[in-house]
Structures are given as C-alpha cells and as structure tokens.
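Analysis of the macromolecular model
Single-letter residue listing:
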Amino acid sequence: MKQYNLGFLGFGNVGRALARLLLAKSGELREQYGVEWRVAGVASRRLGWLTSAAEAAAGFDASALLSDQFFKDTYSPSNSIGAWLQDARPDVVFETTSLNPETGQPAIDYLSAVLESGAHAITANKGVIVHGFRELDALARSTGKRLLFESTVLDSAPVFSLFRETLPAAKLRGFSGVFSSTTNVIIETMEAGRSFEEGLKTAQDLGVAETDPSHDVDGWDATVKVCALASVLMNIPLKPNEVVRQGIRELSPKKLQAARTAGAPFKLMARARLGSDGKLVATVRPEQVPASDPLGNVRGTSLAVHFELDMMPGLTITSHRPNLQSTAYGMLADFINAVRE
Ligand SMILES: NC(=O)c1ccc[n+]([C@@H]2O[C@H](COP(=O)([O-])OP(=O)(O)OC[C@H]3O[C@@H](n4cnc5c(N)ncnc54)[C@H](OP(=O)(O)O)[C@@H]3O)[C@@H](O)[C@H]2O)c1
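Rules used in this analysis
- Each residue is numbered by its place in its chain's sequence as written, counting from 1.
- Whole-chain, interface and lining totals are the exception, using all residues; otherwise, since this is a predicted model, local features are given only for residues with pLDDT of at least 70 and side-chain atom pairs are given and counted only at 80 or more.
- By convention the nonpolar core is taken to be a set of buried residues drawn from Ala, Val, Leu, Ile, Met, Phe, Trp, Tyr and Cys and joined through C-beta atoms within 7 Å.
- Neighbour density around each residue's C-beta defines its exposure: 20 or more other C-beta atoms within 10 Å make it buried, 12 or fewer make it exposed, and counts between make it partly exposed, where C-beta atoms are placed from the backbone.
- In this description a helix means any DSSP run of H or I spanning at least four residues, a strand means any run of E spanning at least two, and both kinds are numbered starting from the N terminus.
- Domain start and stop points were drawn from an automatic or database domain assignment.
- Placing a C-beta atom from the backbone of each residue, one calls two residues in contact when those atoms lie within 7 Å.
- Our arc is simply the arc of the directions from the helix axis toward the C-beta atoms.
- Whether two strands pair depends on DSSP finding at least two bridges between them.
- Angles run from 0 to 180 degrees between N-to-C directions of axes, and those axes are lines fitted to C-alpha atoms, restricted for helices to the stretch in contact.

For soluble globular proteins, the rule of thumb is that nonpolar side chains tend to be buried together. Formed by 100 residues in total, the largest nonpolar core has its most connected members in Phe8, Leu18, Phe94, Leu111, Ala121 and Val226. Among the elements that take part in this core, helix H12 (residues 220–233) stands out by supplying 10 residues, more than any other. A domain split of this core shows at least three residues from each of domain 1 (2–156 + 325–340) and domain 2 (167–321). The contacts of alanine 121, once residues within four sequence positions are left out, are Val93, Glu95, Leu111, Val114, Leu115, Ala140, Lys145 and Leu147.

Right, let's get into helix H5 (residues 107–116). All buried positions along H5 are accounted for by Ala107, Ile108, Tyr110, Leu111, Val114 and Leu115. Mapping the buried residues of H5 onto a view down its axis gives an arc of 155°, with all of them on the same face. Buried residues belonging to H5 abut strand S1 (2–9), helix H4 (81–88), strand S5 (92–95), strand S6 (120–123), helix H6 (126–143) and strand S7 (147–148). Immediately beyond the C-terminal end of H5, within one or two residues, lies glycine 118, with a positive phi of roughly 95°.

Let's shift gears to the sheet that holds S6. Read across the open sheet, the 7 strands follow the order S4-S3-S2-S1-S5-S6-S7; overall the sheet is mixed. Looking at the sheet topology across the chains shown, the edges are occupied by strand S4 (76–78) and S7. Where strand S3 (residues 48–51) meets S4, 3 bridges bridge the pair, whose relative direction is antiparallel. Bridge assignment links leucine 50 to a residue of S4, and that residue is proline 77. Strand contacts of H5: S1, S5, S6 and S7, with the helix running at about 155° to S6, the strand carrying the most contacts.

A few words on the pairing of S3. Examined bridge by bridge, strand S2 (residues 35–44) and S3 share 4 bridges and lie antiparallel to one another. Looking at S3, one finds that valine 42 is bridged to leucine 50. What sits between S2 and S3 in their antiparallel hairpin is a turn of 3 residues.

This is how it looks when you write it as structure tokens:
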C-alpha cells in the first residue's frame, strides 16, 4: 500500500467531480491497486494556494472540501505555486484551470513547476498541450515523472493512450471529429425551435461549457483540440491561428431546421488532413453531415473522432454522452497509470 499526496490546481466543475470520484472509488483504489491518497493542497483564484500542513496525516477532509462546511481559514495559505508545492509536497497534481486558447498560460508555467518539484502532472487543460506539449513532455522525461492528459480531447475516451499503447508503427494521415458538446447542445436546442441563449444555458447547466463560453461558440475549443491531436499524434505543432476557424453564431433556427429535415444536420466539424505536399490542412466550421457519415449520428453531449491511418482506412471512437464524471474518470485513469508504471 502506498499513500499519495494529491494537489488540486483549479477546483471548479472538473476538479470537484474528480474529488467526488476519488472518494467514490477509494475502496477499489486501495484493494485493486494498493493506492491510498490524501489531499495535501488545493488552489484556485478564490481559494488562493491552500495546503494542509505536510505532516498532518489526514490532509484535507475531501468531503468537507466539496460541501458548504469548508472554511478556507482553517488551512495554511502559501503565497505562490513554488511555496505551495514546497508546503504540500504533492506526488501528483491535477491541473484543471480555465482554458487559455491563445497561450495555454499560466497553466504551462504551473505544470513546469509541478514536474520540476518531482510530482506527476495530470491535466484536463488542452491549452497546455497545444502550447506546451514538447517542452513539458521533455521536462517530464528528464524528471522521470509522467505528463498525462487523457481528458483533454474526448473527455475520457482513450485517444492518446490508444496510440501510445496499442497502435505501434501506424501513421496517422488525418482525422475528423465532433469535439464540442456545447455547440452540439446549442444547435439541437435551436433545431427544436428554441433560442441560442436557451441552448447555451442548457450546456452551462450540464457543466460542459467552458468558463468563457465564447471559446465553445466561436470554435476555439474544437480548434484547440485539433491542435492537441496534431501535436501529440502527428508530431506537428499546429497552432490555433493555423486552423481555418468559423463558429456557430451565423446559424439560424430556420437554417438548422431545414438541414435536419433534409437528413443532413449541421455540426461543428473539426478536420485535419495531410496533403500530398506533406502539409497539414485543418478546419473547424459548421458543416452538414449526412447520417451515412461515421460522425453523422453524434448527438447531444456525445463526442467522436474518426482517424484515417495508413494501416486502417477508418477507426472511429465515440464517447456516448460523456459527463463531468467521465472527464474526471480520464484524470483518475491517468493517476492510476502514472503511479503503477
Ligand atoms: N467541463 C468539462 O466538461 C471539461 C471537459 C474536458 C476538459 N475540460 C477542461 O478542464 C479545465 C477546467 O474546466 P472546468 O469546467 O472545471 O472549469 P471551471 O469550473 O471554470 O473551473 C476552473 C477552475 O480553475 C481555477 N482557475 C482559473 N484560473 C486560475 C489561475 N490562474 N490560477 C489558479 N486557479 C485558476 C478557477 O478558480 P475560481 O473558481 O476561483 O475562479 C476554478 O477553480 C478547463 O481547462 C477545461 O478546458 C473541461
């Protein structure tokens, strides 16, 4: 049995769902994997950098942390990430701060500090992968720690570990995907004759919208996912400004209803493909998708990616109606994989 000190960097929808899941799965972690854990540090903009004293065996009371009974004044504040890492001494840090599609910061700097401190770094933040993958991956290798990020693209569906573990020597030529739950939900709400605002509210109530929902609506979220896949799976450091991007603001209920009636509803489609000149062409834009397309039946909050490989003409992975628990599960799986290898 080994006890791991955990740090939560960001404690919003995903961070809280992960804390709930760790509590629910603690018996299985202990019995099947010999893993015990305690929360040694929690940080967010509102909470600041909180630590339970490193020598306090119990750490934070994770249930209280999730309830109204949590009083931050009971815990010791640190004044920076460096001091927080030094005081909490985490073995694993879960990074779930808000998406910054333009630079991935400050999360990249946070995760550099995490890896340099000797902890594994697990993130749900795709901005980090797009703008910092090479640097952080090299740092993780040099420190002998893991940088894992399975929740960044299809919530929890194993995309990165699929290539890492099960598809040796296969070359990825291109992919297409439905990567945004929020735009799916908005489009389907408008197809049902309701407004854009009602669709956005539904996505926010489900906890799937980004902190700044314009990141979803204007296609940034899907664009960043395209870049993350290209960077990691194709080794092409594609940046968001190299993707032709168009969001869903121009779509009217009338246009959406007509497309649905014609059997080819609109979706915010993401595509990337290597041309014959070896250059990657990537787009994110609303497209009509017929039901015969591998992605034609991806509805609601479901997400999917279709890969074109030299060894296989088509491989589609669908995450059927993932929710916050699914995203949290991707991070939990990363945690187990990081500490058991
Ligand atoms: N929600 C999903 O379904 C989903 C799915 C896959 C991936 N993700 C990714 O997961 C991450 C978190 O999403 P979420 O839905 O949990 O967002 P959220 O509810 O808005 O939570 C973000 C958390 O990060 C904290 N934070 C933001 N900027 C910070 C900074 N500079 N320093 C320290 N803490 C900071 C926030 O603090 P305050 O609370 O004090 O503001 C909050 O606790 C995002 O990167 C998102 O792209 C989300």
